[in-house]
Structures are given as C-alpha cells and as structure tokens.
Amino acid sequence: MLLAHPELSPARLAAAFAGGAVTGLRATFSTAHFLEISPEHANKGQALRWAAAHRRIPLAATAAVGDMPNDLPMLRQAGLPAAVANAHPEVKEAARILLPSNDDDGVASLIRTILR
C-alpha cells in the first residue's frame, strides 16, 4: 500500500506509523513522496534470500545495489552491499562500497567490475 500526505514526508509518516500499535506490517519508502506499507516479512531482503536459494547461490556470492530505505533489508542480506552516490544516508551507511550515482551509471560500473 502506498500512502502520501500533503505536508509530511515519508520519513515522518514512517516514524508515526512505527509509533502505532500495528503489528505484522512494516513501513518504508523509496521516493520522496510515498510511504510504503507491506507485510512485515515481505521485503527485498527476503526476495534476495529466496532467489539465491532457488539458484543455489550462497548469499555471500550475491551483490545488491540500493538507493532508498526500502533497499536496506536486501543490502543487509547481500554478500556485497553497494549504494549509489545519490542514495539516502541510511543506505550509504549500510553499503560496503559507494558507486557513482544512478545518473552516472553506478550500477553498470559495479556489473563491469564483477564481470571482470
């Protein structure tokens, strides 16, 4: 579910949501405009774990690139967590390497490095 407020940022909405008595759901955001609400265990980290297991790839052999807080669960699971230069500060903190911005082909630079 996506939520928006005419005056509050997604970060402020997420803080308000976290302070409520709702269980089984989590709030995050991937844009400057929308709060994302999903089941607690449905996130990109779980998706990466599933994909790696399905392909029989150890998580240590995976890489993930993020830019917004909805990417944090994925980055925490990846063997090589990376962030683009224009990423949210929390995402940069979770990353082991910092790439050029997404406008400057940051993901492509990581792919080129890995494929070498």
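For the structure itself, consult the block above.
Residues numbered from 1 in each chain as written. Predicted model: local features only at pLDDT ≥ 70, side-chain atom pairs only at ≥ 80, totals over all residues. Heavy atoms only, no water.

Engineer: How would you summarise the pattern of salt bridges if you had to cite specific residues and measurements?
Structural biologist: Think of it this way: side chains of opposite charge can pair up when their charged atoms draw near. Counted according to the given criterion, the structure contains one salt bridge. Among the salt bridges present, the one from Lys-44 reaches Asp-71, with a minimum N-O distance of 2.6 Å. Of this pair, Lys-44 sits in helix α2 (residues 44-54) while Asp-71 sits in the loop between β4 (63-66) and α3 (72-77); the two residues are 27 residues apart in sequence, bridging distant segments of the chain. Take Lys-44: its relative accessible area is 36%, and that puts it in the partly exposed class. On the basis of relative accessibility, which here comes to 3%, the residue Asp-71 falls in the buried class. (Salt bridge = Lys/Arg side-chain N within 4 Å of Asp/Glu carboxyl O. Helix = DSSP H or I, 4+ residues; strand = E, 2+ residues; numbered from the N terminus. Buried < 20%, exposed > 50% of the residue type's maximum accessible area, 1.4 Å probe, protein only.)

Engineer: Go over the environment of Met-68, please, and point to the residues and values.
Structural biologist: Positionally, Met-68 belongs in the loop between β4 and α3. For the pair Met-68 and Ala-32, spaced 36 residues apart in sequence, the C-alpha separation works out to 9.5 Å.

Engineer: Hey, could you go over the sheet that holds β4 for me, with residue numbers and the actual values?
Structural biologist: Sheets are built from strands paired through backbone hydrogen bonds, the pairs being either parallel or antiparallel. Pairing in this open sheet of three strands is parallel, and the strands run β4-β5-β6 from one edge to the other. Single-partner strands in this sheet number two, and they are β4 and β6 (97-99). Looking at each pair of strands side by side, their axes are set apart by 30° on average, direction ignored. Here four bridges tie β4 to strand β5 (residues 80-84), and the two strands are oriented parallel to one another. Counted as the bridge partner of Ala-64 is Pro-81 from β5. (Pairing = 2+ DSSP bridges. Axes fitted to C-alpha atoms, helices over the stretch in contact; angles between N-to-C directions.)

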